[in-house]
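Per-entry structural report
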Amino acid sequence: MAEKSKKPQKLRARLPRGLADRGPAEIAATRAMVETIREVYERYGFEPVETPAFEYTDALGKFLPDQDRPNEGVFSLQDDDEQWISLRYDLTAPLARYVAENYDALPKPYRSYRFGWVFRNEKPGPGRFRQFMQFDADTVGSGSPAADAEMCMMAADTMEALGIPRGSYVVKVNNRKVLDGVLESIGLGGEENAGRRLTVLRAIDKLDRISDQGVKALLGEGRLDESGDFTKGAGLTFDQIDKVMSVVDPAWLDNDNQFNVRQLSNILSDVNLGREGAEELRAINEIVESSGYNDGRIRIDSTVVRGLEYYTGAVFEVELLLETKDEKGRPIRFGSVGGGGRYDGLVSRFRGEPVPATGFSIGVSRLQAALTMIGKLGTRPATGPVVVTVFDRERLADYQKMVSQLRAEDIRAELYLGNPKNMGNQLKYADKRNSPCVIIQGSDEKNDPDGAQVIVKDLILGAELAALDKDRDDYLQRQADAQRKVPQLGMIDEVRRILARHDIDWN
């Protein structure tokens, strides 16, 4: 007896952890955001450049772990020439490689922008994905504080272009030399203290979440949080903690929260690096003031800690001050949606000579979630195409001709390609496609004594009428507009009338 053939096992459809599928509404919102950001960046004189998603792993610099398989933090594979390549972790390291490789051909300073997906091989969590979009702008080849100030002003202009009102965001500016200078002044300079410096900087970064007392605890012996977990501190003395807090909890801001470089320089009087950072902040602040951005949009803030092993000078961060509630009614503070800073060492790794650079990056995916939640981005999918229905399957060529006529007039259109047996299913399909209207032509319309006719059905108006009381005058007056029979030669004009009625412009 022959063995029964085994039924092939059905493959289970499942999305990998930390990744997300995106539908038409989300894609349309991303497209609108990207176009807005692009317009602002180009207004500042930046030009586009694209780099591939893969780079040689060693080009990613600090993200290359010291192990045989470099797959911690980045997604890597070994090419057929035994070279390790990795999906880009951010957009800055690939730019540094591109500039270094094309250095002699590029204008200096080189001003460019780029956007795209970046990939991180990290443990996913709520709101933390392994693939997300960034939009960067960078100036390579200028060490001027004006280049840093320009990034901050462009960040402010971008937020407002995206619909975030003034006062609902702030661009905070600091300088890593100030932080590194105060650490040097308390005896934490040198490679042997790298670990403790990192602990201090991470404690400072928590100031807005755990208050100054919590930070002082983390700078000292450690802190017991609300859950009962203990975090070991940096082990600083009381005098060292006071010195750090004098910079972090700024006594050098006056009553109007204005930057006072002299007071900050006095605090850092015993270390050249810190005074240099204070002077760079003064120069940025002066440019910001002269350009009229010192009205709360851009603010010096010594608590900003970014890219602990990455930035070498000015650092900036865009924070949304808006608050909203999640689906369970819990308050949400969005916090940082972008940032950047000066990274003078990144291009230099390839060139072997100093190449100053500064840049700014918007976390498009994170900012899009925030804008959607506060109602600044629509959640409705973009308007779909006009659907030409199939009343008679023997006349497919006639219906396709209508579709071609619509497309020739720059009107998005498609022919219904499903089973045409049921007209109700065709209309349901058009609804799901978010179509503004459908075209119907049966034999009666085709053979009309006055010439070929078509029925143009306004689906948007039809949905609005469905919600009205049918006895109301408004319903009766608008009903005739929801479905009209017009000569086939007037089909284009009727479709345009419907598109204009609903202010639809696909461009």
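Preceding block: the structure.
Rules used in this analysis
- Chains are numbered independently. Their residues run from 1 in the order of the written sequence.
- The predicted nature of this model means local features are confined to residues of pLDDT at least 70 and side-chain atom pairs, given and counted, to a pLDDT of 80 or more, with totals for whole chains, interfaces and linings taken over all residues.
- Side-chain numbers here rest on the full set of heavy atoms in the structure, without hydrogens or water.
- Elements are defined by DSSP. Helices are runs of H or I of four residues or more, strands are runs of E of two residues or more, and each kind is numbered from the N terminus.
- Each residue is placed in one exposure class: buried if its accessible area under a 1.4 Å probe, protein chains only, is under 20% of its type's maximum, exposed if it is over 50%, and partly exposed if it falls in between.
- Whether two residues are in contact is decided by their heavy atoms: any pair within 4.5 Å suffices.
- Areas reported here follow the Shrake-Rupley algorithm with a probe of radius 1.4 Å; residue values treat only the protein chains shown as occluding.
- In the analysis that follows, any N or O atom pair within 3.5 Å is treated as a polar contact, provided that within protein one partner can donate a hydrogen and the other can accept it, and provided that, for residues neighboring in sequence, both atoms belong to side chains.
- Fitted lines through C-alpha atoms serve as axes, helices being fitted only where they are in contact, and the angles separating the N-to-C directions of these axes extend from 0 to 180 degrees.
- Residues are grouped as follows: nonpolar covers Ala, Val, Leu, Ile, Met, Phe, Trp, Tyr, Cys and Pro; charged covers Asp, Glu, Lys and Arg; every other residue, Gly included, is treated as polar.
- A pair of strands counts as paired when DSSP detects no fewer than two bridges linking them.
- Only residues whose relative accessible area exceeds 30% and that form no salt bridge are eligible for patches; like-charged ones are grouped when within 9 Å, while nonpolar side chains (Val, Leu, Ile, Met, Phe, Trp, Tyr) are grouped when within 5 Å.
- The rule for a salt bridge is simple: a side-chain nitrogen of Lys or Arg has to be within 4 Å of a carboxyl oxygen of Asp or Glu.
- For this count, His and the chain ends are skipped, Lys and Arg are scored as positive, and Asp and Glu as negative.
- To locate a charge, the coordinates of NZ of Lys, CZ of Arg, CG of Asp or CD of Glu are taken.
- Pairing of aromatic rings covers Phe, Tyr and Trp, the last counted by its six-membered ring, and requires centre-to-centre distances within 6.5 Å; plane angles under 30 degrees mean stacked, over 60 mean edge-to-face, and any other angle means tilted.
- In plain words, nonpolar cores are sets of buried Ala, Val, Leu, Ile, Met, Phe, Trp, Tyr and Cys residues tied together by side-chain atoms within 4.5 Å.
- Here roughly perpendicular refers to angles of 65 to 115 degrees, roughly parallel to angles under 35, roughly antiparallel to angles over 145, and oblique to all remaining angles.
- It is the rotation of the near helix from the far one that decides the hand of a crossing: anticlockwise by less than a right angle makes it left-handed, clockwise makes it right-handed.
- Helices are assigned an expected span. That span is 1.5 Å times one less than the residue count.

Let us look at the overall build of the protein. Counting its regular elements, the protein contains 17 helices and 18 strands. The proportion of buried residues among the 507 residues of the protein is 46%. Taking contacts inside the protein between residues at least 6 apart in sequence as the whole, the part at least 24 apart equals 67%. Accessible area of the protein: about 27300 Å², with a carbon and sulfur share of 47%.

Of the positions making up helix α15 (residues 459-466), those classed as buried are Leu 459, Ile 460, Leu 461 and Leu 465. A side-chain oxygen of the first residue of α15 lies 3.1 Å from the backbone nitrogen of Ile 460; this N-cap is Asp 458.

Moving on, we get to the packing of helix α5 (residues 194-205) against helix α6 (residues 207-219). At a closest axis distance of 7 Å, the pairing of α5 and α6 adopts a crossing angle of 145°. Of the residues in α6, those in contact with Val 200, Ala 203, Ile 204 and Asp 205 of α5 are Leu 207, Asp 208, Arg 209, Val 215, Leu 218 and Leu 219. Of the residues belonging to the contact of α5 with α6, the class tally is seven nonpolar, no polar and three charged.

Attention now goes to the sheet that holds strand β3 (residues 76-78). Taken in spatial order, the three strands make up an open sheet running β2-β4-β3, and their pairing is antiparallel. Either end of the sheet is taken by a strand with one partner, and the two such strands are β2 (54-56) and β3. Neighbour-to-neighbour, the strand axes of this sheet turn through a mean angle of 30°, independent of strand direction. In terms of strand pairing, β2 meets strand β4 (residues 84-87) through three bridges, oriented antiparallel. What sits directly across from Glu 55, in β4, is Ser 86.

Read from one edge of the open sheet, five strands run β15-β14-β16-β17-β18, paired in mixed fashion. The sheet is open, and its two edges are formed by β15 (413-415) and β18 (483-487), each paired on a single side. If you compare each strand with its neighbour and ignore which way they point, the axes differ by 25° on average. Here three bridges tie strand β14 (residues 386-388) to β15, and the two strands are oriented parallel to one another. Its bridge partner being in β15, Val 386 is matched across the sheet by Ala 413.

The next subject is a negative patch on the surface. Side chains of Asp 79, Asp 80, Asp 81 and Glu 82 sit close together on the surface and give a patch of like negative charge. The residue Glu 82 is located in the loop between β3 and β4 in this model.

Time to look at the packing of aromatic side chains. According to the stated counting rule, one finds six aromatic pairs in the structure shown. Ring geometry for Tyr 41 and Tyr 113: centres 6.3 Å apart, planes at 70°, overall edge-to-face. One end of the pair, Tyr 41, is in helix α1 (residues 24-43); the other, Tyr 113, is in strand β5 (residues 110-119), with 72 residues separating them in the sequence. For Tyr 113, a relative accessible area of 3% puts it in the buried group. Summarising the aromatic geometry, the rings of Tyr 98 and Tyr 110 are spaced 6.3 Å apart at their centres and angled 40° between planes, so their arrangement reads as tilted. Of this pair, Tyr 98 sits in helix α2 (residues 92-101) while Tyr 110 is found in strand β5, placing the two residues twelve residues apart along the sequence. Overall, the relative accessible area of 3% leaves Tyr 110 in the buried class.

Moving on, we get to the pattern of salt bridges. One pass over the structure, following the stated rule, counts 27 salt bridges. For Asp 295, the salt bridge goes to Arg 166, with nearest N and O atoms at 3.4 Å. Of this pair, Asp 295 sits in the loop between α9 (272-290) and β10 (298-300) while Arg 166 is found in the loop between α3 (145-161) and β7 (169-175), placing the two residues 129 residues apart along the sequence. Its relative accessible area of 47% is what places Arg 166 among the partly exposed residues. Where Lys 177 meets Glu 276, a salt bridge forms, and the shortest distance between an N and an O atom there is 2.6 Å. Of the two residues, Lys 177 is situated in helix α4 (residues 176-185) and Glu 276 in helix α9; the sequence distance between them amounts to 99 residues. With a relative accessible area of 40%, Glu 276 lands in the partly exposed category. A network of salt bridges, in which partner residues are shared, links Glu 160, Arg 166, Asp 295 and Arg 297.

Residues Tyr 41, Met 159, Val 171, Leu 219, Leu 236, Leu 320 and Leu 367 are the most contacted members of the largest nonpolar core, which totals 72 residues. The greatest single-element share of this core, amounting to eight residues, is contributed by α3. Ignoring any residue separated from it by four or fewer positions in sequence, one finds Met 159 in contact with Ile 164, Tyr 169, Val 318, Leu 320, Val 337, Ile 362 and Leu 367. Of all hydrophobic cores here, the second largest spans 23 residues; its members include Val 388, Ile 460, Val 486 and Met 491.

To continue, consider the packing of α6 against helix α7 (residues 238-248). Contact geometry of α6 with α7 gives a least axis separation of 10 Å together with a crossing angle of 160°. Between α6 and α7, the angle is such that the two are roughly antiparallel. Where α6 crosses over α7, the two elements pack in a sense that is right-handed. When α6 is examined against α7, the residues Leu 207, Asp 212, Val 215, Lys 216 and Leu 219 are found in contact with a partner set consisting of Ile 241, Val 244, Met 245 and Val 248.

As a further point, take α9. The end-to-end C-alpha separation of α9 is 27 Å, in line with the 27 Å expected for 19 residues at 1.5 Å each. Of all the positions in α9, only Gly 274, Gly 277, Ala 278, Leu 281, Ala 283, Ile 284, Asn 285 and Val 288 are classed as buried. Positive backbone phi, at 80°, marks Gly 292, one or two positions downstream of α9.

Below, the discussion takes up the pairing of β4. Both faces of β4 are covered, namely the face carrying Trp 84 and Ser 86 and the face carrying Ile 85 and Leu 87. Examined bridge by bridge, β3 and β4 share three bridges and lie antiparallel to one another. Bridge pairing in β4 places Gln 78 opposite Trp 84.

Tracing the backbone shows Thr 51 in the loop between β1 (47-48) and β2. Look at Thr 51 and you get buried, because its relative accessible area is 10%. If we ignore the near neighbours within four places in the chain, the residues touching Thr 51 are Arg 88, Pro 94, Arg 97 and Tyr 98.

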